[in-house]
Amino acid sequence: MKIEDVTKTNGNLNDSTRVILNIMYTGKLIVDQFSEILKPYDLSGEQYNVLRILRGQKGKPANMFLIQERMIAKTSNTTRLVDKLLLKDLVTRKVCPENRRKIEVTITQKGLDVLTELEPKVKEHEDVFARKLTSEELKQLNDLLEKYRNI
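Treat the numbers as computed from the prediction; the structure is a model and nothing was measured.

1. Comments concerning the overall build of the chain
(1) Moving on: Helix and strand counts for the chain stand at seven helices and three strands.
(2) Moving on: Helices (α) and strands (β) of the chain occur, in sequence order from the N terminus, as α-α-α-β-α-α-β-β-α-α.
(3) Moving on: The globule rule puts the C-alpha radius of gyration for 151 residues at 15 Å, and the 19 Å found for the chain is more than 25% above it.
(4) Moving on: In terms of overall dimensions, the chain has a C-alpha envelope of 60 × 30 × 30 Å along the principal axes.
(5) Moving on: Relative to its 151 residues, the chain shows a buried fraction of 27%.
(6) Moving on: Put simply, the chain shows about 10700 Å² of open surface, and 55% of that area lies on carbon and sulfur atoms.
(7) Moving on: Seen as two clouds, the 27 positive and the 22 negative side-chain charges of the chain have centres 5 Å apart.

So, in structure tokens, the structure goes:
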């Protein structure tokens, strides 16, 4: 479906406007469908992102700065996200013994189990979109998006 059909635009849109609208609309579609996958687990996309970051630490704790630095949504309130994950017993938080101003966060076994359960669902979500493109088109799309983003 063309973006003009989605937005019910009668006039011709220039290419730069079409690109922005297509990216915004496609991103919203992907995020909305991803949120539906996370809903039964009472997780937001940002909380899921924090769990993935912590799992990538392979058992080593992460401080709030490291988590914030690796977040996709850089504007997320990391402390609030970690607090919500704490309430769900998906992470632990403690004061760093070497630097008492530093907070260390670690994923729990329950958090790891949730990610393991979500993995096939997340993979299927990715594959639904990826199936529409060849592997060469996927590579080209990634290259173009990275080029577009690095202006």
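2. A few points about the pattern of salt bridges
(1) Moving on: Under the definition given, this model contains nine salt bridges.
(2) Moving on: Across the salt bridge formed by K123 and D127, the nearest N and O atoms sit 2.9 Å from each other. Of the two residues, K123 and D127 are both situated in helix 6 (residues 109-130); the distance of four residues between them amounts to about one turn of the helix.
(3) Moving on: A relative accessible area of 22% places D127 in the partly exposed class.

3. Side note on the packing of aromatic side chains
(1) Moving on: Under the criterion given, the structure shown has one aromatic pair.
(2) Moving on: Judged by centre distance (5.3 Å) and plane angle (75°), the ring pair of F34 and Y48 falls under edge-to-face. On the criterion of sequence distance, the pair formed by F34 in helix 2 (residues 15-38) and Y48 in helix 3 (residues 45-55) is long-range, its members being 14 residues apart. Here the two residues F34 and Y48 agree in accessibility, since each one is buried.

4. Structural notes on the environment of G111
(1) Moving on: Structurally, G111 can be placed in helix 6.
(2) Moving on: Expressed as a C-alpha distance, the spacing of G111 and K88, which sit 23 residues apart in the sequence, is 8.8 Å.

Conventions and cut-offs
Residues numbered from 1 in each chain as written. Predicted model: local features only at pLDDT ≥ 70, side-chain atom pairs only at ≥ 80, totals over all residues. Heavy atoms only, no water. Helix = DSSP H or I, 4+ residues; strand = E, 2+ residues; numbered from the N terminus. Rg over C-alpha atoms; globule rule 2.2 N^0.38 Å. Buried < 20%, exposed > 50% of the residue type's maximum accessible area, 1.4 Å probe, protein only. Areas by Shrake-Rupley, 256 points an atom, 1.4 Å probe, with all protein chains shown as cover. Lys, Arg positive; Asp, Glu negative; His and termini not counted. Charge placed at Lys NZ, Arg CZ, Asp CG, Glu CD. Salt bridge = Lys/Arg side-chain N within 4 Å of Asp/Glu carboxyl O. Phe/Tyr/Trp six-rings, centres within 6.5 Å; stacked < 30°, edge-to-face > 60°.

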